[in-house]
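So the chains spell out like this:
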Amino acid sequence: MIPYGRQYIDEEDIRAVLEVLQSDFITQGPKVGEFERALAEYCGAKYAVAFNSGTSALYCAYRTLGLQEGDLFITSPITFTATVSAGVLLGAKPIFCDVEEDTGNMDVNLLETYIKENTKLIVPVHYAGHTVDMQKVWEIAQKYNLWIVEDACHALGSAYKGFKTGSCQYSHMTVLSFHPVKHITTGEGGAVLTNDKILYERLLQCRNHGIKKGDDWEYSVEFPSFNFRITDFQCALGLSQLKKLNFFVEKRREIAKFYLERLKDNLHIELPVEKSYTFHSYHLFPIKLKDPTKRRELFRKLRQSGIFVQVHYIPVYWHPFLDYSRGLCPRAEAFYSRELSLPIYPSIRQEDLDFVIQKLEEALGG
């Protein structure tokens, strides 16, 4: 089986986890803070708060900004449901901005048309590891006094105009995910980065039941929240993985280069782009079929061959938990109808890549 993505775990990672499992603290210990400081330093932000998932990180980022019932937030329909669900759980309503045809990212040229009186937040999603044009988003947010949370769950290791994703150069917070298919993994996990000390302190509270610690045994619960804490052995894995992040991104870019070269003359597909303002970290390698009617057959043929391609994503507003009509974002729906993600991960073998190309070309033609 060749999955579309998978973790890379080596002996160094295993030793790091075992060391913590044999120590005094396996949760709420020193490794969490070590991981947060290393992550913030890598991304160029002042603060990082680690969570038990990217979904928890999104929820606490939104809650920290005061997103609540009656508020609107603007995001992309081409994303995993967590981007939207986290806001809906707080009572806010999502507004979907249509996407660019080439990147699948929010079309920032349309963004201003979606802003309404109760809009509070913009959540640009860096789809597949290609950053949104964040300076434009920032300028619009400043004009209308809106918050920005970057959903960078695909984009650790990427950069925008020379600034690493997570630096929050053009946002108030950035959210990351450490699921096994992402650039680094903690098993399950996520983080929020920010340069604002007040937001940082509120994020810490949201992660831990809304608690503010006092003297000795004393503490107060300032708002009700959940246990969103990550363990020390997960953070030990994260620290070990973070040391290899540049290597992981380099390998992903090499694989993307291979695909781009081998598939550039294929008449049946369109390939991903890398715009001048971004450094693409290639969480995904999404191709688009020129004939969408062939996608399901291609999907099944490749899976039957042991190539576990995937589709990213069903437009979020199509899901039953939201009551939106189809046709809301025509370009997003067209993007979805043609998209197929090919395997891309650092440990994939060259013979597997050759096999993917072979089976893809057999199914589609050269």
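Provided above is the structure to which this section pertains.
1. What about the pattern of salt bridges?
- Following the criterion strictly, the structure yields 21 salt bridges and no others.
- A salt bridge links Arg-338 to Glu-270; the shortest N-O distance between them is 3.4 Å. Of this pair, Arg-338 sits in helix H10 (residues 330-338) while Glu-270 sits in strand E13 (residues 269-270); the two residues are 68 residues apart in sequence, bridging distant segments of the chain.
- Judged by relative accessible area, which is 17%, Arg-338 ranks as buried.
- Assessed through its relative accessible area of 31%, Glu-270 is described here as partly exposed.

2. Some details on the nonpolar core
- In terms of nonpolar packing, the biggest core is built from 71 residues, with Tyr-62 and Tyr-259 touching the most fellow members.
- A total of six residues in this core trace back to one element, the largest contributor, which is helix H3 (residues 54-64).
- Leave out the neighbours within four places in its chain, and Tyr-259 touches Phe-285, Leu-342, Pro-343, Leu-353, Val-356 and Ile-357.
- Counting residues in each nonpolar core, the second largest holds 25 residues, with Ala-48, Ala-155, Cys-168 and Ala-191 among its members.

3. What about helix H5 (residues 134-144)?
- Those residues of H5 that sit buried are Met-134, Val-137, Ile-140 and Ala-141. One side of H5 carries all its buried residues, which in axial view fall inside an arc of 125 degrees.
- Contact partners of the buried residues in H5: strand E5 (119-123), strand E6 (147-151) and strand E7 (159-160).
- Two residues or fewer past H5, Asn-145 is found with a positive phi of approximately 60 degrees.

4. Focus: the sheet that holds strand E15 (residues 285-289)
- One open sheet accounts for three strands, arranged E13-E15-E17; its pairing is antiparallel. Looking at the sheet topology across the chains shown, the edges are occupied by E13 and strand E17 (339-342).
- The pairing of E13 with E15 spans two bridges and is antiparallel. Its bridge partner being in E15, Ile-269 is matched across the sheet by Leu-289.
- Those strands touched by helix H8 (residues 245-263) are E13, E15 and E17, and its axis lies near 20 degrees from that of E15.
- On the sheet, helix H9 (residues 295-304) packs against E15 and E17 and is oriented at approximately 20 degrees with respect to E17.

Conventions we followed
Residues numbered from 1 in each chain as written. Predicted model: local features only at pLDDT ≥ 70, side-chain atom pairs only at ≥ 80, totals over all residues. Heavy atoms only, no water. Salt bridge = Lys/Arg side-chain N within 4 Å of Asp/Glu carboxyl O. Helix = DSSP H or I, 4+ residues; strand = E, 2+ residues; numbered from the N terminus. Buried < 20%, exposed > 50% of the residue type's maximum accessible area, 1.4 Å probe, protein only. Core = buried A, V, L, I, M, F, W, Y, C linked by side-chain atoms within 4.5 Å. Contact = heavy atoms within 4.5 Å. Arc of directions from axis to C-beta. Pairing = 2+ DSSP bridges. Axes fitted to C-alpha atoms, helices over the stretch in contact; angles between N-to-C directions.

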